[in-house]
Amino acid sequence: MKRIEAYIQPFMLARVMHGLRDAHAHGLTVMDVRGFGREKDESYPHHASEYAVDFTPKVKLEILCRDDEVDHLVAIVLDGAHTGRRGDGKVFVTHLERVVSILTRESDNEAI
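Residues numbered from 1 in each chain as written. Predicted model: local features only at pLDDT ≥ 70, side-chain atom pairs only at ≥ 80, totals over all residues. Heavy atoms only, no water.

Here the focus is helix H2 (residues 70–81). The terminal C-alpha atoms of H2 lie 16 Å apart, and with twelve residues this matches the ideal 16 Å at 1.5 Å per residue to within 8%. Along H2, the positions that sit buried rather than exposed are Val70, Leu73, Val74, Ile76, Val77, Gly80 and Ala81. Here the buried residues of H2 occupy an arc of 155° about the axis, which is enough to place them on one side. Counted as exposed and oriented over 90 degrees from the buried face of H2: Asp71, His72 and Asp79. Residues of H2 that are buried sit in contact with strand S1 (2–8), helix H1 (13–22), strand S3 (56–65) and strand S4 (89–95). (Helix = DSSP H or I, 4+ residues; strand = E, 2+ residues; numbered from the N terminus. Expected span 1.5 Å × (residues − 1). Buried < 20%, exposed > 50% of the residue type's maximum accessible area, 1.4 Å probe, protein only. Arc of directions from axis to C-beta. Contact = heavy atoms within 4.5 Å.)

Set out below in structure tokens:
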């Protein structure tokens, strides 16, 4: 089992979601988040009074999936979120040790 975390531009969410719905993805969470990466790669003064960071709005997707689905779902996110400009985002894939449904007590793939 895997967790796919994708940080994308908010205006690309509809395209990504369209692809994920077509793939019948489930186990999906969407959150509005803020952060900064290379698109804010500037030198900041180290004096506390002068230090200011402008955060960039992003959308974070978390998708839980079986191992055999991960490549297809990552490709959908990459295709749907790509604009070709700095700040398109990142995708992280991590292993899930265990998943348990609170309602049914099913575990692992059956719980997703």
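Okay, back to it.
Across the sheet, which stays open at both edges, the four strands sit in the order S2-S3-S1-S4 with antiparallel pairing between neighbours. Each edge of the open sheet is held by one strand with a lone partner, namely strand S2 (28–35) and S4. Ignoring which end each strand starts from, the neighbouring axes of this sheet average 20° apart. The pairing of S1 with S3 spans seven bridges and is classified as antiparallel. When the bridges of S3 are listed, isoleucine 4 appears paired with isoleucine 63. Packed on one face of the sheet, H1 meets S1, S2 and S3 and runs near 10° to S3. Lying over the sheet, H2 contacts S1, S3 and S4, oriented at roughly 5° with respect to S1. (Pairing = 2+ DSSP bridges. Axes fitted to C-alpha atoms, helices over the stretch in contact; angles between N-to-C directions.)

Across the ten residues of S3, eight count as buried, placing the element largely inside the fold. As paired strands, S2 and S3 are joined by eight bridges and run antiparallel to one another. Within S3, the residue paired with aspartate 32 across the bridge is valine 59.

Next up on the list: the nonpolar core. If you look at the biggest cluster of nonpolar residues, it comprises 16 residues, and the most contacted ones within it are Ile4, Ile8, Val16, Leu20, Leu61, Leu73 and Val77. Where this core is concerned, the elements lending two or more residues are S1, H1, S3 and H2. It is H2 that provides the largest number of residues to this core, a total of six residues. In this structure isoleucine 4 touches Leu61, Glu62, Ile63, Cys65, Val70, Leu73, Val74, Val91, Phe92 and Val93, once residues within four positions along its chain are discounted. (Core = buried A, V, L, I, M, F, W, Y, C linked by side-chain atoms within 4.5 Å.)

Across all of its chains, the model carries two aromatic pairs by this definition. Note on tyrosine 7 and phenylalanine 92: the rings are 6.0 Å apart at their centroids and 80° apart in plane angle, and the pair reads as edge-to-face. With a gap of 85 residues between them, tyrosine 7 in strand S1 and phenylalanine 92 in strand S4 connect regions that are remote in the sequence. Looking at phenylalanine 92, the relative accessible area reads 41%, which means it is partly exposed. When the ring of phenylalanine 36 is compared with that of phenylalanine 55, the centres are 5.8 Å apart and the planes differ by 50°; the resulting orientation is tilted. One end of the pair, phenylalanine 36, is in the loop between S2 and S3; the other, phenylalanine 55, is in the loop between S2 and S3, with 19 residues separating them in the sequence. A relative accessible area of 42% places phenylalanine 55 in the partly exposed class. (Phe/Tyr/Trp six-rings, centres within 6.5 Å; stacked < 30°, edge-to-face > 60°.)

So yeah, pure geometry; function would need other evidence.
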